[in-house]
Amino acid sequence: MHLLVDADMLLFQAVKVCEAEIEWIPDVITTHLNVKEVEFLFESFLKEKKDQVKATQVTLCWTSTDNFRNKVDPTYKGNRRGTWHRIKPVGFKEARKRVENSYPSECWYRLEADDILGILATRLVDQSPVIWSGDKDLQQIPGFHLNDDGDVYLISEDEADAYFYRQCLIGDTVDGYSGCPTIGKKTAEKLIPIEDFDATSAWRVVVDTYKKKGLSEDHALTQARLARILRATEYPNEDIDLWTPPILPTTDTIKP
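This text gives an overview of the structure that appears in the document. From a predicted model like this one, the values you see are computed outputs, not experimental measurements. (Residues numbered from 1 in each chain as written. Predicted model: local features only at pLDDT ≥ 70, side-chain atom pairs only at ≥ 80, totals over all residues. Heavy atoms only, no water.)

## Let's talk about the overall build of the chain
A tally of regular secondary structure across the chain gives 10 helices and eight strands. Taken along its principal axes, the extent of the C-alpha atoms in the chain is 65 × 50 × 35 Å. Split into buried and exposed, the 256 residues of the chain put 45% on the buried side. When the accessible surface of the chain is split by element, carbon and sulfur atoms take 53% of a total near 13,600 Å². Taken as two groups, the 32 positive and 43 negative side-chain charges of the chain have centres that lie 3 Å from each other. (Helix = DSSP H or I, 4+ residues; strand = E, 2+ residues; numbered from the N terminus. Buried < 20%, exposed > 50% of the residue type's maximum accessible area, 1.4 Å probe, protein only. Areas by Shrake-Rupley, 256 points an atom, 1.4 Å probe, with all protein chains shown as cover. Lys, Arg positive; Asp, Glu negative; His and termini not counted. Charge placed at Lys NZ, Arg CZ, Asp CG, Glu CD.)

## Observations regarding a nonpolar patch on the surface
Where nonpolar side chains cluster on the molecular surface, the patch consists of I22, W24, I25 and V28 and spans about 370 Å² of accessible area. No other element matches the three residues that strand β2 (residues 20-25) contributes to the nonpolar patch. With respect to the helices, strands and loops of the structure, I22 is situated in strand β2. (Patch = residues over 30% accessible without salt bridge, like charges linked within 9 Å, V, L, I, M, F, W, Y side chains within 5 Å. Salt bridge = Lys/Arg side-chain N within 4 Å of Asp/Glu carboxyl O.)

## Looking at the packing of aromatic side chains
Pairs of aromatic rings are described using the distance from one ring centre to the other and the angle between the two planes. The tally for this structure, following the rule as stated, stands at seven aromatic pairs. Taking 5.9 Å as the distance between ring centres and 55° as the angle between the ring planes, the aromatic pair formed by F42 and Y103 counts as tilted. Taken as a pair, F42 in helix α2 (residues 35-53) and Y103 in the loop between α5 (92-100) and β5 (105-107) lie far apart in primary sequence, 61 residues in all. A residue is classified by how much of its surface remains accessible, and F42, at 0% relative accessible area, is buried. We classify Y103 as partly exposed; its relative accessible area is 23%. (Phe/Tyr/Trp six-rings, centres within 6.5 Å; stacked < 30°, edge-to-face > 60°.)

## Considerations on the pairing of strand β3 (residues 28-32)
Across five bridges, β2 lies against β3 in antiparallel orientation. Of the residues in β3, the one forming a bridge with A20 is H32. What sits between the antiparallel neighbours β2 and β3 is a turn of two residues, in which D27 has the positive phi angle 80°. (Pairing = 2+ DSSP bridges.)

## Comments concerning helix α1 (residues 7-18)
Compared with an ideal rise of 1.5 Å per residue, which puts 12 residues at 16 Å, α1 spans 16 Å between its outermost C-alpha atoms and is within 8% of the ideal. Regarding α1, the residues found buried are A7, D8, L10, L11, A14, V15 and C18. On an axial view of α1, the arc spanned by its buried residues comes to 165°, and they lie on one face. (Expected span 1.5 Å × (residues − 1). Arc of directions from axis to C-beta.)

## Here's the deal with the packing of α2 against α5
Where α2 meets α5, the axes come as close as 10 Å, and the angle between the chain directions of the two elements is 50°. Between α2 and α5, the interaxial angle falls into the category oblique. Between α2 and α5 the crossing geometry is right-handed. Here V35, K36, V38, E39 and F42 of α2 come into contact with α5, specifically with E94, A95, R98 and V99. (Axes fitted to C-alpha atoms, helices over the stretch in contact; angles between N-to-C directions. Parallel < 35°, antiparallel > 145°, perpendicular 65-115°, else oblique. Left-handed = near helix turned anticlockwise from the far one by under 90°. Contact = heavy atoms within 4.5 Å.)

## Examining the sheet that holds β5
With respect to topology, six strands assemble into an open sheet ordered β5-β4-β1-β6-β7-β8, the strand pairing being mixed. Of all strands in the sheet, those bounded by a partner on one side alone are β5 and β8 (152-155). Sheet twist, expressed as the mean angle between neighbouring strand axes with direction ignored, is 30°.

## Focus: the nonpolar core
Grouped burial of nonpolar side chains is what soluble globular proteins tend to show. Counting residues in hydrophobic clusters, the biggest one holds 25 residues, and the most contacted among them are L3, V5, L11, V38, F42 and L60. Counting residues per element, the ones that place at least two in this core are β1 (2-6), α1, α2, β4 (57-62), α5 and β6 (129-132). Residues within four places of L60 in sequence aside, it is in contact with V5, A7, F42, L46, V99, Y103, P104, S105 and E106. By size, the runner-up hydrophobic cluster in this structure holds 24 residues, among which are Y177, V207, A220 and L221. (Core = buried A, V, L, I, M, F, W, Y, C linked by side-chain atoms within 4.5 Å.)

## What about the pairing of β1?
Within β1, five of the five residues are buried, which leaves it mostly tucked inside the rest of the structure. Covered by surrounding structure in β1 are H2, L4 and D6 together with L3 and V5, the residues of both alternating faces. As judged from the five bridges shared by β1 and β4, these two strands associate in the parallel manner. Its bridge partner being in β4, L4 is matched across the sheet by T59. The pairing of β1 with β6 spans four bridges and is classified as parallel. When the bridges of β6 are listed, L3 appears paired with V130.

Rendered as structure tokens:
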């Protein structure tokens, strides 16, 4: 099996464990990181996941410094940029540089690690890829997934698509896009069930739900494109094709 790893998240976990505060004198505290310890712990974490799936190949997926979603909506993840706290723990960049050079790694211009995972998982189907990521957004990618308990489970295409359309409604405050006002997980699951799932019907539900809140189809489309984790079909010839909704059976359709 080919293990695809959300390397940003795995390294973050290793760095947080190894990060240490030292109080030199009263009122003087600094944060330190032993990068060698991080490398050792990261290798241990990675080996455990490789063993769990009996992987013969592993690829680490990393987030680029640029992000195509900022072109879709300049406020994407703006909630993070507007805070004073550190987004990454001390020493993360140096630790990433070392780890990225030590293992087969992929970091693609304008893409997040999630997108690379989604593209590779749907492109390399013949290699039986397995995704590991602690990010729930990867549930919108069909295929095999590894959870933190070491279990491999399969997400069908209908399950993945239903999760995506629900996410269009729910939004993600961590990533800084709101979704549809007052629509939470339970409501989204009721509006878009997996049973007899149909993408066109699901998109109609999304659009109608936004309209009931006084929001346009264009607004719904922007939220969908922020939520969408790319698949291989949306990255032809190493270029990004923004997600396009199914054509609704009306004359009032959304232009891509």
